[in-house]
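Chain by chain, the residues:
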Amino acid sequence: MSYAIGIDIGGTKIAIGLVNSQGLIAAQTTLPTDLSISPDEMITRVANATTQLLHEHAIPSSLIAGIGVGAPGPINTQKGIIVEPPNLRSWWNFSIIQSLQRYFNFPIFFENDATAAALAEKWVGAAQNLDHFIFMTISTGIGAGIFAHGKLLTGATGNAGDIGHIVIDPAAGHCNCGQDGCFEYIASGTAIARQATQILGRQVTSKETFELAADGHIEMKRLVDQVFSYIAIGCVTLINTFDPEQVIIGGGVSQVGTALFETIQSYVGKNALNPTGRSTPIIPAQLQQNAGLIGAAALVHVSYN
């Protein structure tokens, strides 16, 4: 049985795993994304952690089919570069493939992290029987992977699905990408924590925000309801644009559960343009927090072009 090394790069953490050709994680670890050091130094840590995983689980290099990397966009898959992700400014114009090649001789595959996660859901997750679906991840940022006509839609440079910077509410404030009211700026986990902190005058996490809202805190419930509404608007936009069979939502914010999905489903049922679009199922990601990691490995194991 062959294995792929999956590396899922995020703004707060980097997940590393050894994933077999059946889509099962044999071993995994996580490193905090240290933005105080250079990305090359961070990749050195990733390489050391990967080598340790291989050693601890006695997996020889001969069984490694390749390395798959998922990273937040904008990226350039043709050049192997992380271009200008708003949440990883110190990584701008970083040659990720070249950096990894300092340590490994395996083939390296590179895609947007949400695109990779969509491939994972198609491979071993909630979308195995679908030819048209959208995978949306809502965590530090917001992104999407688009599967159409049985293939991933990646775009000319790998940035198709960068929905976090479609404008939802121009009056909602200035996003660090330069626009006003971006989806990511108003509805990501980072956005929820920022807005709750401003309202309460103390540091608040998105998890605590949801807990306070569930306990009946009026201001936090109002904030959470607004965020759910924004996410629902984003889903209708995607449904109207791509006509998917299903929308799958993953990432940390999706873990809030039933209330989120019921709100979205109700809004879609009333506001999607096409009558068939109004019945588009909105479901949780089956792979949950491992979608990005398994997706990175899927870039090695699965044909997706």
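Heads up: the structure comes first, above all this text.
All values reported here derive from a predicted model rather than from experimental measurement. (Residues numbered from 1 in each chain as written. Predicted model: local features only at pLDDT ≥ 70, side-chain atom pairs only at ≥ 80, totals over all residues. Heavy atoms only, no water.)

K.L.:
Sorry, what's going on with the environment of I231 here?
P.N.:
Tracing the backbone shows I231 in helix α7 (residues 218-242). Here the alpha-carbon distance between I231 and L260, two residues 29 residues apart in the chain, equals 8.7 Å. Excluding residues that lie within four positions of it along the chain, I231 makes contacts with M136, I138, F183, A187, V253, L260 and I264. (Helix = DSSP H or I, 4+ residues; strand = E, 2+ residues; numbered from the N terminus. Contact = heavy atoms within 4.5 Å.)

K.L.:
Quick question: what am I supposed to make of unusual backbone geometry here?
P.N.:
What you tend to see is this: most non-glycine residues have negative phi, and most peptide bonds are trans. Cis rather than trans, the peptide bond between G73 and P74 has omega equal to 0°. Inspection of the secondary structure assignment puts P74 in the loop between β4 (64-71) and β5 (75-76). The backbone of Q288 shows a phi angle near 50°, a positive value even though the residue is not glycine. Take Q288: it is sitting in the loop between β13 (282-284) and α9 (291-301). Residue Q288 is classed as partly exposed on the basis of its relative accessible area of 45%. (Buried < 20%, exposed > 50% of the residue type's maximum accessible area, 1.4 Å probe, protein only.)

K.L.:
Hey, could you run me through the environment of G178 in this one?
P.N.:
Note that G178 resides in the loop between β11 (151-153) and α4 (183-187). Along the primary structure G178 and G189 are separated by 11 residues, whereas in three dimensions their C-alpha atoms are 19 Å apart.

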